[in-house]
Amino acid sequence: MNKKKKPFLGMPAPLGYVPGLGRGATGFTTRSDIGPARDANDPVDDRHAPPGKRTVGDQMKKNQAADDDDEDLNDTNYDEFNGYAGSLFSSGPYEKDDEEADAIYAALDKRMDERRKERRLDWLTATSTSWIQMILLPQSPREQREKEEIEKYRMERPKIQQQFSDLKRKLAEVTEEEWLSIPEVGDARNKRQRNPRYEKLTPVPDSFFAKHLQTGENHTSVDPRQTQFGGLNTPYPGGLNTPYPGGMTPGLMTPGTGELDMRKIGQARNTLMDMRLSQVSDSVSGQTVVDPKGYLTDLNSMIPTHGGDINDIKKARLLLKSVRETNPHHPPAWIASARLEEVTGKLQVARNLIMKGTEMCPKSEDVWLEAARLQPGDTAKAVVAQAVRHLPQSVRIYIRAAELETDIRAKKRVLRKALEHVPNSVRLWKAAVELEEPEDARIMLSRAVECCPTSVELWLALARLETYENARKVLNKARENIPTDRHIWITAAKLEEANGNTQMVEKIIDRAITSLRANGVEINREQWIQDAEECDRAGSVATCQAVMRAVIGIGIEEEDRKHTWMEDADSCVAHNALECARAIYAYALQVFPSKKSVWLRAAYFEKNHGTRESLEALLQRAVAHCPKAEVLWLMGAKSKWLAGDVPAARSILALAFQANPNSEEIWLAAVKLESENDEYERARRLLAKARSSAPTARVFMKSVKLEWVQDNIRAAQDLCEEALRHYEDFPKLWMMKGQIEEQKEMMEKAREAYNQGLKKCPHSTPLWLLLSRLEEKIGQLTRARAILEKSRLKNPKNPGLWLESVRLEYRAGLKNIANTLMAKALQECPNSGILWSEAIFLEARPQRRTKSVDALKKCEHDPHVLLAVAKLFWSQRKITKAREWFHRTVKIDSDLGDAWAFFYKFELQHGTEEQQEEVRKRCESAEPRHGELWCAVSKDIANWQKKIGDILRLVAGRIKNTF
C-alpha cells in the first residue's frame, strides 16, 4: 500500500504552540538550550540566579505572602536590627510614593556601603596592608549575610556545570583511542523514516501478466499420465476436474489454455474509447462537434497558449466586459475581447463575441475582418458576404473575400465584382491584374488608368506591357495626367535606352528636371541618386549616368563639392552601383581636371573594379592633366608591365623622365623594370645616371643591392663605402654592410659595421636587433643580453626591443626570466599588439584564453592580436572560428604578410583548393610588404626575384604548428 505523508509535516506550527507541553515536558535550562518547553504563562526557571534576582522562588514567596492575610508579629520573628521579618504594611496598597521611598532607601544603602569600602581601603593603604590581609579582613554584617544566602542557595540548587565537575576532571584520564571510539551523534532512525518520500507506482506491462500466467499453468493443469495411473482421477465436489463457475467462460482467458489474450485486451480498449467518443459526438451542443478520428490531435489545440497569470486574464475579461456594456457600439472593445479569448484558448467564445460585435457594429470594417479571420473556411465566406452587404464600398473586405477563395476563377470573379462597386481603387486593380494573362492584363490596365488616372504604378505597368510606340504614347499621357512624378520621366529614359536611342536619354532627364521645377517640385538629390542606383542594378547604364550628371551638383556648396562627391562615389561602391560611381568620378574630373587626389581615387577605382583598358585610358588622361604626379606615371607603367608590354612601360617611364627629370621614384621604377626583366646592364647604367644626376640614399642602396644579388661582393662593398661617405646617417646602408660581412663569415668586421652604424643611428631598431642576433649566433649570450638592455635604455618604450629580449631568454631556455621580462614589457608598453600576441603563447595552454581576452581589451583592433587569437582557435581545432578571425586580421591590415602566410597555411591544412586559391589571389592583390616572417623571406638575397605568390608559399612552408 502507498503510505500517505502526514498532512501537517512541512507546515508552520499553529500560533501559541509549545512543543512537548501536551505531555508535560517542561525541561530544564542549560547554556545550549534555545528555550524551555513550557507554557508562556509559566514562571521563568531562574533557579540559579542570586537571591533577589530569582523569579521562581521569589514569585512563590510573593504568592504565599499574598495568600497569608494574617501577619506574624511574634517576638520570635523580631530582630533588633531589621525589625519584623515581614512588612508591617504589606496589606496596604503599594503606591508610587512607596516605590520612590524604597528607591531612595536602596540608594542610601548602596552609598553607605561604598563609603565603608572607601574608608577601609584608605586605612589599608595608610597602614601598608597586603592584599591577602585585605581579603582576610572581616566584612560588614550586611555583606556577610548576603554571602551566606548565596552560598546556601548554591548548595541547595547547584548548577549542572557543578554537578558534572567531577566527571569533567576525569576526562583528563581518557586516552586518545578511547576518545576516538566514542560514536558520532546521529539519527538512529532508518533511511525510510529519515527520508520520507512518496512511493512510485509504475504500470505493470501486459507481458508481466502473460509470463506469470504461464508460470501458474504448471500448478493448475494436470498431466494426462497422472490420470492414467490414478490418484487424481476421482471426481469430487469442488475438485480439480469440476469446472468452477465463470472459470472457462470466454473472456481474457482463452478456453483450453492458460495464456492471456493480448489481442482481445486491445480490442476491448478500442471498443471502450469508441463508445465514449460516439457518445460525445452524438450529443451536439451548439456548434461543438467532436471528431472521433482527430480527437487526440485536437487535444493539442485545447491547450491555452497564453503564459500570463490567470488573475490578469480575469481582470482583463472583466474590464472588457465593462467597456462592451458601457459602449456596445465601440468596435475595438469587441475585437479586444475576442482576441483575449482566442489567446486563452477559448476559440468558440471568441467567435461568439465577435459575431455579437458584428451585430452591434455593422458598419465597422475591422470587426467584420476580425470575424472573418476567426471563423473557419465556409463560415468565413458567409461572414464576408454579409459584410459586403453592409459595407459595399470596403476595399479590404473585397480583398479578404478574394483571399478566402482557393480557385483562380473565383478570385477573378470576386475582384471583378468588387471593381464594379469600387472602380477607383488602385489596390483592387493591381490585385485583379496580377491574376490575368499578359494580353488580358494590358486590356484591364487600359481601363484601370482611365478609372485611376493619378496612379503612377498603373501607368508604368501598362507601359511595360505595350509596344515601343504605344509605350511612348502611354508615358506621354501619364506625364500629362501626373506632371509632378519623376518616375515617369526615368521610365521614359529607360525605354529609349532599351530601344537604342541613347542620345535621347540625356535630353529626357534634362527635360524632366526642368518640367518638375516648373511644376513646383523640389529636386531631392538623395532620391534621384537612389533612382540612379536602381537604374544601374537594372542595367540601364546610360540612364543612371545621365541622372547622376543632372543631379550631382544640385544643393552642394562650391567649397564642399569635392568632398561630397568623393563620399557619394564611395557610397555607390558600397551599394555595388559601379556605373554610378564611375559617372561621379567622370563628372568630378571634368570639374577638377588638375586635382591629383581625384585622379588617384578614380585610378584606384578602375584598378579594383574596372578593366585594364579602362585603367590605362584613365591614366593617360591623368598624366596629361597632372604631368608632375609621379604616382600616376608609375601606375601606368606598372599596368603595362603586368600586362607583359615592357616596351610600352619603358616609353611611359621615358615620358615620365621628361616631365620629372630628377625624380627618385621614376629612376628606381625604371631600374626595377629592367632588373625584373633580366636587363641588368641597362639597370646598372640607369643607376649610374641616377647617382650622377639625382643622387639619393635610396639610389645608392638599390645600386648596392643590385651588385649584391649579382654576387659582385667587391663592387657592392665599394659602392657601400662610397654611399656611407655621403649618407652616413642612413641605417640601411650600415645594415647592408654588416650583412655582407656576415655572409662572408667576417664576424668581427660585421660587429664593427653594426657598432659604427649604431653610433651614427642610435635609434635604429633593426641595427640593434642585427647586432644582438650576431652575438647570440657566435655564442655570446651575455653580450647579446647587454646589447639589448643598452638599446632599451636609449630607446625606451620600444616594443620590438622588448620582444627580442623576451625571445632571447626563451631561446636560451630561461622561461622564468622570459616571463618576468614580458611582464615588465607590458607595463612599459601596455598597448603593444606584438607584445600581447607573444604573451598569449608564453602562457600555459589553460591560461591562453584568459590572456587573449586581456589582449583584446587592450588592443582590440591590432592585427597581431587578432592573428594570435586566430592561431589560438587553430590550435584548439575550432576551424570555423579560426577562419573567421583570419579574415578579420587580413581585412584590418592587408599589408601584414605574416597574417597572409598563416592564413594560407591554415587553408592548406583545413581548406579546399578553392579557398586556398582565393587566399593566394587576395594576397597577390594586396601586395604585403611587412611582417617578421615575411620580411625574413622576401628580403633574403636568394629570393630577390620571387613573386608575391612564391614568397607566400615559402613563408607558409617555414611555419610550424608548434603553438
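As the structure is a prediction and not an experimental result, all values here were calculated from the model.

Novice: Help me understand the overall build of the protein chain, please; the structure alone is not making it clear to me.
Specialist: Helix and strand content of the protein chain: 51 helices and 2 strands. Every one of the 963 residues in the protein chain was classed for burial, and the buried ones make up 34%. A sequence separation of at least 24 residues applies to 50% of the contacts in the protein chain between residues at least 6 apart. If you sum the accessible surface of the protein chain, you get close to 61,800 Å²; carbon and sulfur atoms cover 53% of it.

Novice: Even after reading the chapter, I still don't get a positive patch on the surface, so can you show me in this structure?
Specialist: Residues Lys-672, Lys-702, Lys-705, Lys-732, Arg-929 and Lys-939 make up a contiguous surface patch of positive charge. When you line up the elements, Lys-705 lands in helix H36 (residues 697-709). For Lys-705, a relative accessible area of 33% corresponds to the partly exposed category.

Novice: Is there a simple way to explain the side chain of Lys-905 in this structure?
Specialist: Note on placement: Lys-905 falls in helix H48 (residues 897-910). Although Lys-905 is buried, it forms no salt bridge, and the closest oppositely charged side chain is Glu-907 at an N-O distance of 13 Å.

Novice: Explain the nonpolar core here, please?
Specialist: Looking at soluble globular proteins, one finds that nonpolar side chains tend to be buried together. One finds Leu-428, Trp-429, Trp-528, Met-548, Val-551 and Leu-632 to be the most contacted residues of the largest nonpolar core, which totals 126 residues. Sequence-distant contacts of Leu-428, defined by excluding residues within four places in its chain, comprise Val-395, Tyr-398, Ile-399, Leu-415, Ala-418, Leu-419 and Val-422. Grouped together as the second largest cluster of nonpolar side chains are 47 residues, Cys-859, Val-869, Phe-873 and Cys-923 included.

Novice: Is there a simple way to think about a nonpolar patch on the surface in this case?
Specialist: Together, Leu-171, Val-174, Trp-179, Leu-180 and Ile-182 make up a nonpolar patch on the protein surface, roughly 520 Å² of accessible area in all. Mapped onto the elements, Leu-171 comes out in the loop between helix H6 (165-170) and helix H7 (176-180).

Novice: Even after reading the chapter, I still don't get the packing of aromatic side chains, so can you show me in this structure?
Specialist: The description of two aromatic rings rests on the distance between their centres and on the angle between their planes. Taken as a whole and assessed by the stated rule, the structure comprises 9 aromatic pairs. Aromatic rings pair up to connect Trp-874, Phe-886, Phe-903 and Phe-906 into one cluster. The side chain of Arg-324 reaches across the aromatic face of Trp-334, ending 5.6 Å from its centre. The aromatic ring of Trp-885 is capped on one face by Arg-888, whose charged end is 4.3 Å from the ring centroid.

Novice: So what exactly am I meant to see when it comes to unusual backbone geometry here?
Specialist: Phi is positive for Asn-576, which is not a glycine, with a value near 65°. The residue Asn-576 is located in the loop between helix H28 (561-574) and helix H29 (578-591) in this model. The exposure class of Asn-576 is exposed, given its relative accessible area of 57%. The residue Glu-927 is not glycine, and still its phi comes out positive at about 50°. Within the element layout of this structure, Glu-927 appears in the loop between helix H49 (913-926) and helix H50 (932-938). Residue Glu-927 is classed as partly exposed on the basis of its relative accessible area, which comes to 25%.

Novice: Would you mind showing me how to read the environment of Trp-768 here?
Specialist: Topologically, Trp-768 is positioned in helix H40 (residues 765-777). Apart from residues no more than four positions distant in its own chain, Trp-768 is found in contact with Leu-758, Pro-762, Ile-787, Lys-790, Ser-791, Lys-794, Asn-795 and Leu-801.

Novice: Please explain the pattern of salt bridges as it appears in this structure.
Specialist: Side chains bearing opposite charge may pair, as long as their charged atoms lie close to each other. Considering all chains together, one arrives at 47 salt bridges under this definition. For Arg-396, the salt bridge is made with Asp-366, and the minimal N-O distance between the two is 3.0 Å. Of this pair, Arg-396 sits in helix H18 (residues 395-404) while Asp-366 sits in helix H16 (residues 365-374); the two residues are 30 residues apart in sequence, bridging distant segments of the chain. Note on Asp-366: relative accessible area 40%, which makes it partly exposed. Linking Glu-707 and Arg-684 is a salt bridge whose minimum nitrogen-to-oxygen distance equals 2.9 Å. Here Glu-707, found in helix H36, pairs with Arg-684, found in helix H35 (residues 680-693); they are 23 residues apart in sequence, far enough to count as distant. Several salt bridges share partner residues, and in doing so they unite Arg-339, Glu-342, Glu-370 and Arg-373 into one network.

Novice: Quick question: what am I supposed to make of helix H31 (residues 612-625) here?
Specialist: Since there are 3.6 residues in each turn of an α-helix, residues three or four apart along the chain are aligned in direction. Taking 1.5 Å of rise per residue, 14 residues should cover 20 Å, and H31 covers 20 Å from first to last C-alpha, within 8% of that figure. Summarising the contacts, the buried residues of H31 are in contact with H29, helix H30 (596-609) and helix H32 (630-642).

Novice: Would you take a moment to explain the packing of helix H47 (residues 879-892) against H48 for this structure?
Specialist: A pair of packed helices is captured by two measures, namely the crossing angle of their axes and the spacing between those axes. It is at 10 Å that the axes of H47 and H48 come closest, and there the two elements cross at 155°. Put simply, H47 runs roughly antiparallel to H48. In the crossing of H47 with H48, the sense of the turn from one axis to the other is left-handed. Contact with H47, carried on its side by Ile-879, Ala-882, Arg-883, Phe-886, His-887, Thr-889 and Val-890, involves Ala-899, Trp-900, Phe-902, Phe-903, Phe-906, Glu-907 and His-910 of H48 and no other residues of that element. When the residues that make up the contact of H47 with H48 are grouped by side-chain class, the tally is 9 nonpolar, 3 polar and 2 charged.

Novice: Would you explain the side chain of Arg-883 in this entry?
Specialist: Following the sequence through the fold, Arg-883 ends up in helix H47. Assessed through its relative accessible area of 18%, Arg-883 is described here as buried. Separated by 2.9 Å, the side chains of Arg-883 and Glu-907 make a polar contact. Contact partners of Arg-883, with chain neighbours within four places excluded, come to Phe-903, Phe-906, Glu-907, His-910, Gly-911 and Gln-915.

Novice: Hey, could you run me through H18 in this one?
Specialist: Turning to H18, its buried residues are Ile-397, Tyr-398, Ile-399, Ala-401, Ala-402 and Leu-404. Residues of H18 that are buried make contact with H16, helix H17 (377-390), helix H19 (408-421) and helix H20 (426-434). At the N-terminal end of H18, a side-chain oxygen is found 3.4 Å from the backbone nitrogen of Ile-397, two or three residues along, and the residue is Ser-394.

Novice: Would you mind going over the confidence of the model for the protein chain with me for this structure?
Specialist: Note: predicted coordinates in regions of low pLDDT should not be interpreted at a detailed level. Of all residues in the protein chain, 77% have pLDDT values of 70 or greater, and the mean over the chain is 78. Scored below 50 in pLDDT, residues 225-259 makes 25 contacts in the model with residues more than four places away or belonging to other chains. Confidence over residues 283-290 falls short of pLDDT 50; this stretch has 5 contacts with residues more than four positions distant or in other chains.

Novice: I keep staring at the packing of helix H37 (residues 713-726) against helix H38 (residues 731-743) and nothing clicks. Help me out?
Specialist: It is at 10 Å that the axes of H37 and H38 come closest, and there the two elements cross at 150°. Judged by the inter-axis angle, H37 sits roughly antiparallel to H38. The handedness of the crossing between H37 and H38 is left-handed. Contact residues: H37 offers Ile-713, Ala-716, Gln-717, Cys-720, Glu-721, Ala-723 and Leu-724, while H38 offers Leu-733, Trp-734, Lys-737, Ile-740 and Glu-741. Taken together, the residues of the contact of H37 with H38 sort by class into 8 nonpolar, 1 polar and 3 charged.

Calculation notes
Residues numbered from 1 in each chain as written. Predicted model: local features only at pLDDT ≥ 70, side-chain atom pairs only at ≥ 80, totals over all residues. Heavy atoms only, no water. Helix = DSSP H or I, 4+ residues; strand = E, 2+ residues; numbered from the N terminus. Buried < 20%, exposed > 50% of the residue type's maximum accessible area, 1.4 Å probe, protein only. Contact = heavy atoms within 4.5 Å. Areas by Shrake-Rupley, 256 points an atom, 1.4 Å probe, with all protein chains shown as cover. Patch = residues over 30% accessible without salt bridge, like charges linked within 9 Å, V, L, I, M, F, W, Y side chains within 5 Å. Salt bridge = Lys/Arg side-chain N within 4 Å of Asp/Glu carboxyl O. Lys, Arg positive; Asp, Glu negative; His and termini not counted. Charge placed at Lys NZ, Arg CZ, Asp CG, Glu CD. Core = buried A, V, L, I, M, F, W, Y, C linked by side-chain atoms within 4.5 Å. Phe/Tyr/Trp six-rings, centres within 6.5 Å; stacked < 30°, edge-to-face > 60°. Lys NZ or Arg CZ within 6 Å of the ring centre and 35° of its normal. Expected span 1.5 Å × (residues − 1). Axes fitted to C-alpha atoms, helices over the stretch in contact; angles between N-to-C directions. Parallel < 35°, antiparallel > 145°, perpendicular 65-115°, else oblique. Left-handed = near helix turned anticlockwise from the far one by under 90°. Nonpolar A, V, L, I, M, F, W, Y, C, P; charged D, E, K, R; others polar. Polar contact = N/O pair within 3.5 Å; in protein donor to acceptor, adjacent residues only side chain to side chain. pLDDT = per-residue confidence, 0-100.

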